[in-house]
Amino acid sequence: MFERPRSGERAVLVRLGVGAPLRPEDLEEFQQLARSAGATPVATVTGRRERPDPRYFVGSGKAEEIGAVAAAESADVILIDHPLSPSQERNLEKLTGRRVLDRSGLILDIFAQRARSFEGKLQVELAQLKHLSTRLVRGWTHLERQKGGIGLRGPGETQLETDRRLLATRVKSLTRKLARLRQQRDTGRSARAGIPVPGVALVGYTNAGKSTLFRALTGADAFIADQLFATLDPTVRKLVLPGGAGIVVADTVGFIRELPHELVAAFQSTLQEARSAHLLLHVIDAADARRDEYTGQVNAVLTEIGAGELPQLLVYNKIDRIELEPRIERDADGEVSQVWISAAQGRGLELLKEAITERLRLGALRAWLRIPPGAGALRARLFARGAVREERSEEDGAMRLLVELPPAQLSELERDPLVALTRLPGAPCAPAPPYLESAGSAAPVTRNRANPAIPH
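For clarity, every value in this text was computed on a predicted model and none was experimentally measured.

### Notes on the sheet that holds strand E13 (residues 388–393)
Now for step 1: As summarised here, the arrangement of the 4 strands in space is E13-E14-E12-E15, forming an open sheet in which the pairing is antiparallel. The open sheet terminates on both sides in strands that have one partner only, identified here as E13 and strand E15 (420–423). On average, each strand axis in the sheet is tilted by 20° relative to the strand beside it, whichever way the strands run.
Now for step 2: By the bridge criterion, 5 bridges tie E13 to strand E14 (residues 399–405) in an arrangement that is antiparallel. Across the sheet, Glu391 pairs through a bridge with Leu401, a residue of E14.

### Some points on the packing of helix H4 (residues 103–114) against helix H5 (residues 118–132)
Now for step 1: At a minimum axis distance of 10 Å, the contact between H4 and H5 shows a crossing angle of 155°. In this view, H4 runs roughly antiparallel relative to H5, as classed from their interaxial angle. For the crossing formed where H4 meets H5, the hand is left-handed. Judged by residue contacts, Ser104, Gly105, Leu108, Asp109, Phe111 and Ala112 of H4 engage Val124, Ala127, Gln128 and His131 from H5.
Now for step 2: Looking at the contact of H4 with H5 residue by residue, the classes come out as 5 nonpolar, 4 polar and 1 charged.

### Overview of the pairing of strand E8 (residues 279–285)
Now for step 1: Within E8, 7 of the 7 residues are buried, which leaves it mostly tucked inside the rest of the structure.
Now for step 2: Burial of the side chains of E8 extends over both faces: Leu279, Leu281, Val283 and Asp285 are buried on one face and Leu280, His282 and Ile284 on the other.
Now for step 3: One ladder, built from 6 bridges, connects E8 with strand E9 (residues 312–317); its direction is parallel. Its bridge partner lying in E9, Asp285 is registered against Asn317.
Now for step 4: You can see the chain leave E8, run along helix H10 (residues 291–304) and come back into E9, and the turn it takes is right-handed.

### Describing the side chain of Asp53
Now for step 1: Mapped onto the secondary structure, Asp53 falls in the loop between strand E2 (40–49) and helix H2 (60–72).
Now for step 2: Despite its burial, Asp53 remains without a salt bridge, the nearest opposite charge being carried by Arg49 at 4.4 Å.
Now for step 3: In contact with Asp53, other than residues within four places in its own chain, are Val58, Gly59 and Gln88.

### Structural notes on the pattern of salt bridges
Now for step 1: Under the definition given, this model contains 25 salt bridges.
Now for step 2: Linking Arg15 and Asp81 is a salt bridge whose minimum nitrogen-to-oxygen distance equals 3.0 Å. Taken as a pair, Arg15 in strand E1 (residues 10–18) and Asp81 in the loop between strand E3 (77–80) and helix H3 (86–96) lie far apart in primary sequence, 66 residues in all.
Now for step 3: A cluster of three or more residues bridged by salt bridges with shared partners is formed by Arg15, Arg23, Asp26, Glu29, Asp81, Arg103, Arg290 and Glu293.

The rules we used
Residues numbered from 1 in each chain as written. Predicted model: local features only at pLDDT ≥ 70, side-chain atom pairs only at ≥ 80, totals over all residues. Heavy atoms only, no water. Pairing = 2+ DSSP bridges. Helix = DSSP H or I, 4+ residues; strand = E, 2+ residues; numbered from the N terminus. Axes fitted to C-alpha atoms, helices over the stretch in contact; angles between N-to-C directions. Parallel < 35°, antiparallel > 145°, perpendicular 65-115°, else oblique. Left-handed = near helix turned anticlockwise from the far one by under 90°. Contact = heavy atoms within 4.5 Å. Nonpolar A, V, L, I, M, F, W, Y, C, P; charged D, E, K, R; others polar. Buried < 20%, exposed > 50% of the residue type's maximum accessible area, 1.4 Å probe, protein only. Right-handed = clockwise from strand over helix to strand, strands pointing away. Lys, Arg positive; Asp, Glu negative; His and termini not counted. Salt bridge = Lys/Arg side-chain N within 4 Å of Asp/Glu carboxyl O.

What follows is the structure, given as structure tokens:
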């Protein structure tokens with residue numbers, strides 16, 4: 001056994017292709033993670049295995065190679081871009097004589113550095129303790145000794161058992177504190193929900209430019225840096241849209257591939273800002289060659305936290321890097337689906353605000369529609385979008401629907417010879433509550449070719 005070194009940032013990076021060829025993009029992201037944690041990469045060891053080695057994960061020969069490289073470069077720590085079991089981590093430390101940190105431990109370390117709020121620090125500590133609870137049997141020799149001395153001899157508990165008990169006590173204490181903070185946050189969120197102000201949450205892969213966009217939209221003094229997980233604690237600010245409507249915008253933590261499950265569990269209250277939003281602005285780095293893959297990974301995490309069914313507006317950021325102009329793209333039914341912007345240069349922000357206004361239907365108008373009995377597909381689409389506020393049947397089988405739609409879509413309906421439309425006077429409507437957004441979602445939906453502006 002050995003005493004693990006307590007300091008030092010010179011790191012050897014290890015990344016293997018397990019069951020598949022090693023991708024340079026994964027190695028580059030791992031290097032970014034290491035630098036974001038404050039490490040100085042001095043060497044990189046790569047390779048390929050069909051399956052992990054039970055003892056060292058990397059195999060005995062590769063483990064000896066890593067130890068030799070670490071000794072030659074006077075490295076202080078070995079960072080491995082894979083999840084290691086406690087025994088694999090302990091065996092590698094014993095063989096190399098250096099600290100070994102797997103991917104989960106590295107991300108936890110970055111989160112510990114980034115947390116600023118009281119709640120964020122508690123969440124990180126809880127995640128770290130849960131991660132550490134399986135790794136108490138590491139290289140510390142004193143953990144295997146029983147207590148001794150006058151009055152302490154006898155059956156007693158080992159130092160390791162004492163540490164486990166203290167750790168469990170601390171976990172319970174943190175859990176109780178976070179439960180109280182979560183209750184306070186839920187109370188504040190409930191108060192906001194009682195006011196007709198819609199919420200928008202920025203989500204996306206880490207380093208996609210969420211905080212830069214958040215600052216550009218709201219003017220908030222958000223921390224911005226070209227590093228992974230630059231923002232950890234959620235920030236909520238007000239944004240006034242064209243027409244004077246006000247909304248609440250929340251900046252959330254960035255996602256990443258293979259995000260440790262203990263982090264997802266610990267940050268449930270923080271991620272609640274995303275779950276409770278009326279609309280998600282999914283920020284994507286337009287200049288990244290792997291943007292489609294990252295988009296899928298973000299959607300997977302959103303599904304894991306219960307936000308996978310929320311409406312999304314894709315915001316392609318950093319178009320200045322690929323020399324594109326700002327623009328809005330619509331789907332086949334005329335609804336805004338993508339906005340291309342450059343948050344750093346402030347280009348396309350007005351287009352984004354217009355898209356948010358349209359998606360939240362902040363400028364929606366009300367009208368009565370009279371549709372014939374054979375227009376069931378149109379009725380289903382309107383219900384599927386939650387645009388119907390009231391429905392009445394007439395003697396001849398026709399239906400009268402009180403709908404709430406953006407002006408452009410209402411004008412398109414007005415030109416349909418099958419539809420009799422009567423606009424209602426008054427100012428644009430407030431957004432519909434979330435439960436109305438999903439009303440009738442089970443209704444069958446087919447595309448209305450005569451009216452492509454009607455969403456489905």
